[in-house]
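One-letter residues, chain by chain:
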Amino acid sequence: MSQHYYSNQPEVGHDRRHLEEKLRGQTFRFISDAGVFSKKGVDFGSKVLIDAMDIPENAEVLDVGCGYGPIGFSAARLAAHGHVTMLDVNARAVELAKENAKLNGIHNVTVLESDLFAAVEGKSFDVVLTNPPIRAGKETVHAIFEQAYAHLRDDGTLWIVIQKKQGAPSAKAKLESLFGRVEEVTKDKGYRIFKATKTSQ
Ligand SMILES: C[S@@+](CC[C@H](N)C(=O)[O-])C[C@H]1O[C@@H](n2cnc3c(N)ncnc32)[C@H](O)[C@@H]1O
């Protein structure tokens, strides 16, 4: 079995670490572990996305590929009267995200083990957020964009972070083929934030 961070069941041993991170003005504590993405600290790209994203306070939000939780938890604090569904294919990441939600007293989240959108079939959201699993391949990343479109309400938004060298131009082209409006909201050290809006016809 592969040892990548996007494995369903990482076979690597444990290396539990306690992290403290300030995200969008709020302090969070995270437990990370071997076999999950960015175990030594919250990824710079995720931080750029967290700083840029607009989350209405009553929004229904989906975090695709939540890892140990930084994007979903930041959204949960902003959507204080809404709800955040967080999913990941990596069972270890899912257990950590559940543990970390308790650690931070975050109650308006649901964490699900799911390959792509399987566990949210038939549900729709106001906002979808993702730092996509580039190493899982372009097919997976583009499937996330397609499924995000299908699971967004009219006027809903998909927010993604991607590095220029990891295919930002082709990601933007794919988003433009699906969504009515695509904006590059900000960029920082080679990371691009795209906001794609599902415009009503
Ligand atoms: C770049 S990491 C981002 C993790 C987390 N959001 C963060 O900011 O630290 C991408 C995540 O997508 C997950 N992933 C990979 N393939 C997936 C799939 N098919 N379905 C759901 N999640 C997947 C990985 O396990 C990983 O946790």
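Definitions and limits used
- Residues numbered from 1 in each chain as written.
- Predicted model: local features only at pLDDT ≥ 70, side-chain atom pairs only at ≥ 80, totals over all residues.
- Heavy atoms only, no water.
- Helix = DSSP H or I, 4+ residues; strand = E, 2+ residues; numbered from the N terminus.
- Rg over C-alpha atoms; globule rule 2.2 N^0.38 Å.
- Buried < 20%, exposed > 50% of the residue type's maximum accessible area, 1.4 Å probe, protein only.
- Contact = heavy atoms within 4.5 Å.
- Areas by Shrake-Rupley, 256 points an atom, 1.4 Å probe, with all protein chains shown as cover.
- Axes fitted to C-alpha atoms, helices over the stretch in contact; angles between N-to-C directions.
- Parallel < 35°, antiparallel > 145°, perpendicular 65-115°, else oblique.
- Left-handed = near helix turned anticlockwise from the far one by under 90°.
- Nonpolar A, V, L, I, M, F, W, Y, C, P; charged D, E, K, R; others polar.
- Pairing = 2+ DSSP bridges.
- Near = heavy atom within 4 Å.
- Polar contact = N/O pair within 3.5 Å; in protein donor to acceptor, adjacent residues only side chain to side chain.
- Salt bridge = Lys/Arg side-chain N within 4 Å of Asp/Glu carboxyl O.

Engineer: How do you make sense of the overall build of the protein chain when you look at a structure like this?
Structural biologist: In terms of helices and strands, the protein chain carries five helices and nine strands. In the protein chain, the succession of helices and strands from N to C terminus is β-β-α-β-α-β-α-β-β-α-β-α-β-β. Its C-alpha atoms give the protein chain a radius of gyration of 16 Å, within 12% of the compact-globule value 17 Å for 201 residues. In terms of overall dimensions, the protein chain has C-alpha extents of about 50 × 35 × 35 Å along its principal axes. A buried classification covers 51% of the 201 residues belonging to the protein chain. Pairs at least 24 residues apart make up 67% of the contacts formed inside the protein chain by residues separated by at least 6 positions. Roughly 9,300 Å² of accessible area belongs to the protein chain as shown, and the carbon and sulfur atoms make up 45% of that amount.

Engineer: Is there a simple way to think about the side chain of threonine 197 in this case?
Structural biologist: With respect to the element layout, threonine 197 can be found in strand 9 (residues 191-197). Residues in contact with threonine 197, not counting those within four places in the same chain, are Asp155, Gly156, Thr157, Phe179, Gly180, Arg181 and Glu183.

Engineer: I'm lost on the packing of helix 4 (residues 138-151) against helix 5 (residues 168-178) in this one. Help?
Structural biologist: Orientation of helix 4 relative to helix 5, taken along the N-to-C sense of each, is 30°, at an axis distance of 10 Å. Judged by the angle between their axes, helix 4 and helix 5 are roughly parallel. Viewed along their axes, helix 4 and helix 5 form a crossing whose handedness is right-handed. Packed against helix 4, whose contacting residues are Lys138, His142, Phe145, Glu146 and Tyr149, the element helix 5 presents Ser170, Ala171, Lys174, Leu175 and Leu178 at the interface. Class assignment of the residues belonging to the contact of helix 4 with helix 5 gives a composition of five nonpolar, two polar and three charged.

Engineer: Sorry, what's going on with the sheet that holds strand 3 (residues 60-64) here?
Structural biologist: Hydrogen bonds between backbone groups are what pair the strands of a sheet, and the pairing can be parallel or antiparallel. Here we have seven strands laid out as an open sheet, ordered 5-4-3-6-7-9-8, and mixed in their pairing. The sheet is open, and its two edges are formed by strand 5 (109-113) and strand 8 (181-188), each paired on a single side. Averaged over all adjacent pairs, the angle separating strand axes in this sheet is 15°, with direction ignored. Relative to strand 9, strand 7 (residues 152-163) runs antiparallel, the two being bridged by seven bridges. If you follow isoleucine 162 over to strand 9, its bridge partner there is arginine 192. Against the sheet, helix 4 makes contact with strand 3, strand 6 (125-130) and strand 7, and its axis sits at roughly 155° relative to strand 7, the strand it touches most. On top of the sheet, helix 5 reaches strand 7, strand 8 and strand 9; it is set at about 170° to strand 7, its chief contact.

Engineer: How do you make sense of the site of the ligand when you look at a structure like this?
Structural biologist: Close to the ligand lie 19 residues, the nearest being Ser46, Gly65, Asp88, Asp115 and Leu116. Take cysteine 66: an N or O atom from its main chain is 3.4 Å from a nitrogen atom of the ligand. Measuring from a nitrogen atom of the ligand, one finds a side-chain N or O atom of aspartate 115 at 2.8 Å. Burial of the ligand by the surrounding chains reaches 97%, relative to a free accessible area of 590 Å². Mapped onto the shell around the ligand, the elements with two or more residues apiece are helix 2 (70-78) and strand 4 (83-88). Residue composition of the shell around the ligand, grouped by class: 11 nonpolar, six polar and two charged.

Engineer: Help me understand the pattern of salt bridges, please; the structure alone is not making it clear to me.
Structural biologist: Oppositely charged side chains are able to pair whenever their charged atoms sit close together. For the coordinates displayed, the defined rule picks out 10 salt bridges. We note a salt bridge from lysine 98 to glutamate 95, for which the minimum N-O separation is 3.8 Å. In this pair, lysine 98 and glutamate 95 are both assigned in helix 3 (residues 91-103), three residues apart and thus about one turn of the helix distant. Judged by its relative accessible area of 49%, glutamate 95 is partly exposed. The closest approach of N and O atoms between glutamate 184 and arginine 192, which form a salt bridge, is 3.4 Å. For glutamate 184, a relative accessible area of 36% translates into the label partly exposed.

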